[in-house]
Amino acid sequence: MEMNRRQVLGTAAAGAGAAVAATGLAAGPAQAATVARSVPRTGMHVVLLGTAGGPPPVAGRLGISTAIVVDGRVYLVDLGHGAYDQFFNAGLQASDLRGVFVTHLHSDHIADLFTLPWLRFGGGSTLGPAMMRPLKIWGPGRPGALPKVREGGTDAVVHPSDPTPGTKGFIDGAIAAAAYDINIRMRDQGWPDIRTMIKVKEIELPKKVKAKPHGPVAPAMEPFQVMKDGYVTVTATLVKHPPVFPSFGFRFDSQYGSVAISGDTAAIPNVVTLARDTDLLLHEVIDLALVKSAGGVDDTQYGHLAESHTDATEVGGIAQAAGAKKLVLHHLSPGTNLVPDSNWQTKAQQGYDGEVVVGHDLTVLTVGE
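By convention here, each chain's residues receive numbers from 1 onward along its written sequence. Where local features are concerned, this predicted model is filtered to residues with pLDDT of at least 70; where side-chain atom pairs are given and counted, the filter is 80 or more; whole-chain, interface and lining totals use all residues. By convention in this description, side-chain values take in all heavy atoms of the structure and omit both hydrogens and water.

Draft legend 1. Representation of the overall build of the chain within the structure. The numbering of helices and of strands both runs from the N terminus, where a helix is a DSSP run of H or I of at least 4 residues and a strand a run of E of at least 2. Scanning the chain from terminus to terminus reveals twelve helices and 15 strands. Partly exposed residues are those whose accessible area sits between 20% and 50% of the maximum for their type, while under 20% is buried and over 50% is exposed, using a 1.4 Å probe and protein chains only. Looking at the 369 residues of the chain, the share that counts as buried comes to 54%. By definition in these notes, contact holds between two residues if any of their heavy atoms fall within 4.5 Å. Sequence-distant contacts, at least 24 apart, represent 69% of the contacts inside the chain between residues at least 6 apart. The accessible surface values rely on the Shrake-Rupley method and a 1.4 Å probe; as for residues, cover is taken only from the protein chains in view. Surface accessibility of the chain: about 15,700 Å² in total, with carbon and sulfur atoms responsible for 53%.

Structure representation (structure tokens):
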């Protein structure tokens, strides 16, 4: 089918991708995967809650979010728009949620980050004691500086008294903005104090890692441990997603195997190190040729996309160098389902001997299969 350029790319994404508003075809089935109905409570599984790059919404895919499920315990990576609904559409239970890990503070990765705890903890007396477990969130701390103004940008500063909040600042600010609702519900319905129900841990870089907001944002480094709870060990590395700093990729290791998630990044060695011999490498991907040919992106925007993301023709080489057993594409830009799976798969297969899976919302993959 000949795709109309206006259909494929109507608007350039200002932040983390070139996903655009589009209408059209139903998404095709994902390869070597099932669609979530109920996720098994034994083993290690990955649920792709949302697979679009953003921030603009697109038809067929919701915002980026991934659930790692180990023996029924759920760990989330990012909460893009629609992730809260997708969590329940996948048959996951809020009482099983053990933590949220935030790769970086771009809007398409945190749009539902506050929605989850804000709605989850209401009516605690009726939802049972398991729901009253505080939600733990691991995410980036303060970047330390704003980026330099790019050509065509503006030097206006929102909230100048605190222009660069980290994950805790984001949550604290959201709670403050929702104070009226929260106060009413505590007084009128006996809901718990949400401030006691969210525990934010801002990820600290190892002292020997000499990374800076103006560069280098992702020097060569070994992954470092973020969390360990007896079911999973979570490690992180810095990835290259300028001008955002810090921006992380995560790896989850369990007795069943491992899953590495690139986060938003250009193709860099740190992802290879993070994903060494992993069972599943979930990697973001952009089709720069399609972005360029479709139009709607000026030179400055295109330059940002090219330096901050991994082209579809590069991602296979990353997976091959890492020795990843399977490559899963997500955070697709453009995320519209007018781009066929075959486009992504053919390009991503270049330089890679393993299986390539094009991610779709609510796809379930089992580690070890």
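Draft legend 2. Fine view of unusual backbone geometry. Cis geometry is adopted by the peptide bond preceding Pro-216, which originates at Gly-215 and carries an omega value of -5 degrees. Here Ser-333 and Pro-334 are connected by a cis peptide whose omega angle stands at 0 degrees. As for its position among the elements, Pro-334 is in the loop between β13 (326-333) and α12 (341-348). Although it is not a glycine, Asp-71 sits at a positive phi angle of roughly 50 degrees.

Draft legend 3. Examining the pairing of strand β5 (residues 97-101) more closely. Counting buried positions over the five residues of β5 gives four, a clear majority of the element. When DSSP finds two or more bridges between a pair of strands, those strands are recorded as paired. By the bridge criterion, four bridges tie strand β4 (residues 73-77) to β5 in an arrangement that is parallel. In the sheet register, Leu-76 faces β5, and the bridge partner there is Val-100. The parallel pair β4 and β5 is bridged by helix α2 (residues 83-89), and the resulting crossover is right-handed. When β5 meets strand β6 (residues 135-140), the two strands line up parallel, connected through two bridges. Considered in β6, the bridge of Val-100 is made with Ile-137. Handedness rule for crossovers: strands pointing away from the viewer, path from the first strand over the helix to the second running clockwise, crossover right-handed.

Draft legend 4. Fine view of the side chain of His-241. Its location among the elements puts His-241 in the loop between β9 (233-238) and β10 (248-254). As used in this structure description, the phrase polar contact means that two N or O atoms lie within 3.5 Å; if the pair is within protein, one of them must be able to donate a hydrogen and the other to accept it, and residues adjacent in sequence are counted only when both atoms belong to side chains. There is a polar contact of 2.9 Å between the side chain of His-241 and the backbone oxygen of Ser-308.

Draft legend 5. Structural view of the side chain of His-283. Within the secondary structure, His-283 sits in strand β12 (residues 280-286). If we skip the residues at most four places from it in the chain, His-283 touches Ser-262, Thr-265, Val-271, Thr-310, Val-315, Ile-318, Leu-327, Val-328, Leu-329 and His-330.

Draft legend 6. Summary view of the pairing of strand β8 (residues 224-228). Taken together, the four bridges between β8 and β9 define a ladder with antiparallel strand orientation. From the neighbouring strand, Gln-225 faces β9, where its bridge partner is Thr-235. The turn linking β8 back onto β9 is made up of four residues, and Gly-230 within it adopts a positive phi angle of 95 degrees.

Draft legend 7. Quick look at the pattern of salt bridges. Counted as salt bridges are all cases of a side-chain nitrogen of Lys or Arg within 4 Å of a carboxyl oxygen of Asp or Glu. For the structure shown, the criterion picks out nine salt bridges. Note that Lys-168 and Asp-172 form a salt bridge whose closest N and O atoms lie 2.8 Å from each other. Within this pair, Lys-168 and its partner Asp-172 are both found in helix α6 (residues 167-177), separated by four residues, close to a single helical turn. Note on Asp-172: relative accessible area 36%, which makes it partly exposed.

Draft legend 8. Representation of the environment of Glu-369. Summarising the element assignment, Glu-369 is placed in the segment after β15 (363-366). In this structure the C-alpha to C-alpha distance between Glu-369 and Asp-279, which are 90 residues apart in sequence, comes to 9.1 Å.

Draft legend 9. Local environment of the nonpolar core. What is meant by a nonpolar core is a set of buried Ala, Val, Leu, Ile, Met, Phe, Trp, Tyr and Cys residues, joined one to another through side-chain atoms within 4.5 Å. Within the largest apolar cluster, 59 residues are counted, with the highest numbers of intra-cluster contacts made by Phe-101 and Phe-252. When residues in this core are grouped by element, the largest group, five residues, is from helix α11 (residues 312-322). Contacts of Phe-252, omitting those with residues within four sequence positions, involve Met-44, Ile-68, Tyr-75, Val-77, Phe-101, Thr-233, Val-234, Gly-257, Ser-258, Val-259 and Ile-261. If you look at the next biggest cluster of nonpolar residues, it comprises 31 residues, including Val-47, Ala-67, Val-69 and Ile-137.

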